[in-house]
Amino acid sequence: MSAIEREAPTRHPDVRNYIGGSFVDAPEREFLDVTDPSTGEVISRVPLSGASEVDRAVDAARAAQPAWAATPIKERAQVFYRYKALLEKNIDSLAALVSEENGKVRGEAEAEVLKSAELCEFACSLPQIVAGEVLEVSRGVECRVEHYPVGVVASITPFNFPNMVPNWTIPNALALGNCMVLKPSEQVPLSAGRIAELLREAGLPDGVLNIVHGGQQTVEAICDHPFIDAISFVGSTHVAKIVYRRGSASLKRVLALGGAKNHLIVMPDAEPEMTSTNVVASMSGCAGQRCMAASVMMAVGKTDPIIERMVRVVRAMVPGVNIGPVISKAAKERIERYITEAEEAGAKVLVDGRGCVVPGKENGFYVGPTLIDHVTPDMRIAQEEIFGPVMVIIRANDVDEALAVQQRSRYGNAASVFTESGGVARYVMEKASAGMVGVNVGVPVPREPFGFGGWNESKFGTGDITGRGSIELWTRAKKMTTKWNKEAGVNWMS
Ligand code: NAD
């Protein structure tokens with residue numbers, strides 16, 4: 001935590017909250033440093049807002065809500081057509097900002113912004129998707145379902161996708177008529193401000209989106225706030241449980257997405273080149289800091305040629321060029337501790353990313369891509385989320401042994417199988433205990449219109465955070481029954 005007064009000017013000014021269409025200073029004088037993970041340099045400071053700032057944001061959202069909810073959905077969607085175009089127009093500066101605060105390499109940052117644009121595409125199609133159902137249920141009596149906004153909602157986001165994860169919730173929740181208080185990760189607060197600016201430019205009325213920066217205290221104020229009706233959370237399982245319990249205790253609708261430990265089951269018949277490339281891309285993309293990153297490879301039977309290829313692919317990677325740093329010094333130390341502990345427990349480190357230093361960026365938080373073989377399912381590294389570019393390889397004799405390890409995980413975000421056999425692929429898809437499964441795909445993200453969400457301790461609550469599943473989260477269904485013609489008569493139901 002930095003001192004109360006700024007010691008030296010930083011690259012970016014202090015981060016400000018965004019309330020009622022204006023950037024405002026928080027009355028709180030407590031700040032955290034924002035760091036560029038590739039250099040270790042402090043680039044800004046973020047305020048740790050308290051309950052009073054959450055109050056202000058909720059007041060602004062409540063004031064904007066009636067007019068926004070009364071705006072026809074086709075008109076609301078127009079904002080997101082314009083916003084999508086602005087994301088595309090500004091992709092260079094948006095991606096640069098993501099790289100600066102999160103560390104990911106430029107191609108990854110650009111992909112993140114393009115994904116945000118795709119999320120808008122879905123929001124633009126919501127008028128077609130939420131068109132209600134209507135049926136004559138008995139003579140002259142008609143039932144229809146209409147979707148109403150929930151009201152004032154909150155979205156709490158993690159550090160790993162500063163642009164995309166806020167856009168998992170903003171376009172859909174707002175297009176469906178809600179007003180929002182966004183609480184970005186305090187580790188990457190800068191992108192959220194740009195999102196607000198672009199939405200304002202796209203014509204979003206003041207107060208529909210508000211941003212309150214901070215950490216635990218801010219989140220607790222959101223969970224307890226009597227006028228916030230729903231919360232979405234994306235982050236670690238530990239905090240997802242806290243938010244789910246605390247938000248539900250104050251009778252809010254909560255969807256809380258948590259951490260992950262994703263298994264890839266590699267069968268001996270898997271196509272070697274595609275498999276090795278995909279597996280490495282999955283574990284190392286965004287420095288392994290994706291909730292869909294593979295972190296356990298279940299190597300079934302004779303898969304050594306694939307593992308040898310993976311070693312070659314990993315060795316060819318250049319930290320600082322095609323793999324970025326992890327988010328913080330603490331994350332780097334934590335990841336390296338896991339590797340050391342596994343090695344001491346008897347695992348074999350095939351490629352070692354510890355002590356990685358990038359010339360010219362000696363203070364960056366780099367961990368090189370790491371492969372560890374002969375890990376056993378009881379080791380901590382096999383069970384806990386590492387959230388770094390580390391792939392552990394567990395040997396299995398057959399597919400059932402591999403599946404048993406996957407099924408015992410407390411998480412259940414994603415799982416994939418690499419095989420040329422349709423029967424084995426279907427078997428794994430059916431048996432894996434995960435919400436998102438893939439075949440010959442290292443990162444089985446369901447793209448729109450499909451919803452994103454895991455199982456077990458990777459998600460608490462019903463519905464999904466994106467796609468069709470999010471409609472249930474962001475709306476209340478009203479069932480309307482009407483009758484106009486008295487000649488239709490009266491029966492016991494009408
Ligand atoms: P985190 O849980 O530390 O933080 C997430 C949010 O919670 C932040 O906004 C933070 O300010 C807030 N927070 C932190 N501690 C809190 C506390 N004690 N009480 C209340 N609020 C608190 O997560 P992170 O480190 O920012 O992100 C990485 C995690 O997010 C990983 O576990 C990753 O798997 C997960 N993640 C999951 C998904 C998914 O779809 N399931 C997607 C992205 C990231």
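Model, not experiment: these values are computed from the prediction. (Residues numbered from 1 in each chain as written. Predicted model: local features only at pLDDT ≥ 70, side-chain atom pairs only at ≥ 80, totals over all residues. Heavy atoms only, no water.)

K.L.:
Help me out: how do you make sense of the domain arrangement of the protein in this one?
P.N.:
Interface extent is often summarised as the accessible area lost during association of the parts. Assigned domains of the protein: these are domain 1 (17-258 + 449-478) and domain 2 (262-439). Contacts between the two partners involve 25 residues from domain 1 and, on the opposite side, 29 residues from domain 2. Both faces considered, domain 1 and domain 2 share a buried interface measuring about 2100 Å² in area, 60% of it formed by carbon and sulfur atoms. For the pair domain 1 and domain 2, the interface holds one salt bridge. Between Glu-457 and Arg-410 there is a salt bridge, with its nearest N and O atoms 2.9 Å apart. Put simply, domain 1 and domain 2 have nine residue pairs in polar contact (both at pLDDT 80 or more) between them. Of all elements in the fold, only helix H3 (91-102) and helix H9 (237-249) reach the threshold of two or more residues within the side of domain 1 that touches domain 2. A per-class count over the side of domain 1 that touches domain 2 returns seven nonpolar, 13 polar and five charged. (Domains from an automatic or database assignment. Contact = heavy atoms within 4.5 Å. Buried area = accessible area lost by both parts, 1.4 Å probe. Salt bridge = Lys/Arg side-chain N within 4 Å of Asp/Glu carboxyl O. Polar contact = N/O pair within 3.5 Å; in protein donor to acceptor, adjacent residues only side chain to side chain. Helix = DSSP H or I, 4+ residues; strand = E, 2+ residues; numbered from the N terminus. Nonpolar A, V, L, I, M, F, W, Y, C, P; charged D, E, K, R; others polar.)

K.L.:
Even after reading the chapter, I still don't get the packing of aromatic side chains, so can you show me in this structure?
P.N.:
Centre-to-centre distance and the angle between the planes together describe a pair of aromatic rings. Overall, the coordinates contain five aromatic pairs when judged by the stated rule. With a centroid separation of 6.2 Å and 85° between ring planes, the pair formed by Phe-80 and Tyr-83 is classed as edge-to-face. Linking Phe-80 with Tyr-83, this pair stays in helix H2 (residues 73-89), spanning three residues, or about one helical turn. Comparing Phe-80 with Tyr-83 shows no difference in burial state: the two are buried. In this arrangement the basic side chain of Arg-45 is found over the ring face of Phe-31, its NZ or CZ atom lying 4.1 Å from the centre. The ring of Phe-161 carries Lys-104 above its face, with NZ or CZ at 3.6 Å from the centroid. (Phe/Tyr/Trp six-rings, centres within 6.5 Å; stacked < 30°, edge-to-face > 60°. Buried < 20%, exposed > 50% of the residue type's maximum accessible area, 1.4 Å probe, protein only. Lys NZ or Arg CZ within 6 Å of the ring centre and 35° of its normal.)

K.L.:
What should I look at first to understand the sheet that holds strand S17 (residues 414-418) in this one?
P.N.:
Pairing is mixed in the open sheet, where seven strands are placed in the order S14-S15-S16-S13-S12-S17-S18. The sheet is open, and its two edges are formed by strand S14 (348-351) and strand S18 (436-439), each paired on a single side. Here the strands of the sheet are splayed against their neighbours by 20° on average, with no regard to which way each runs. Alignment of strand S12 (residues 262-266) against strand S13 (residues 294-300), held across five bridges, turns out to be parallel. (Pairing = 2+ DSSP bridges. Axes fitted to C-alpha atoms, helices over the stretch in contact; angles between N-to-C directions.)

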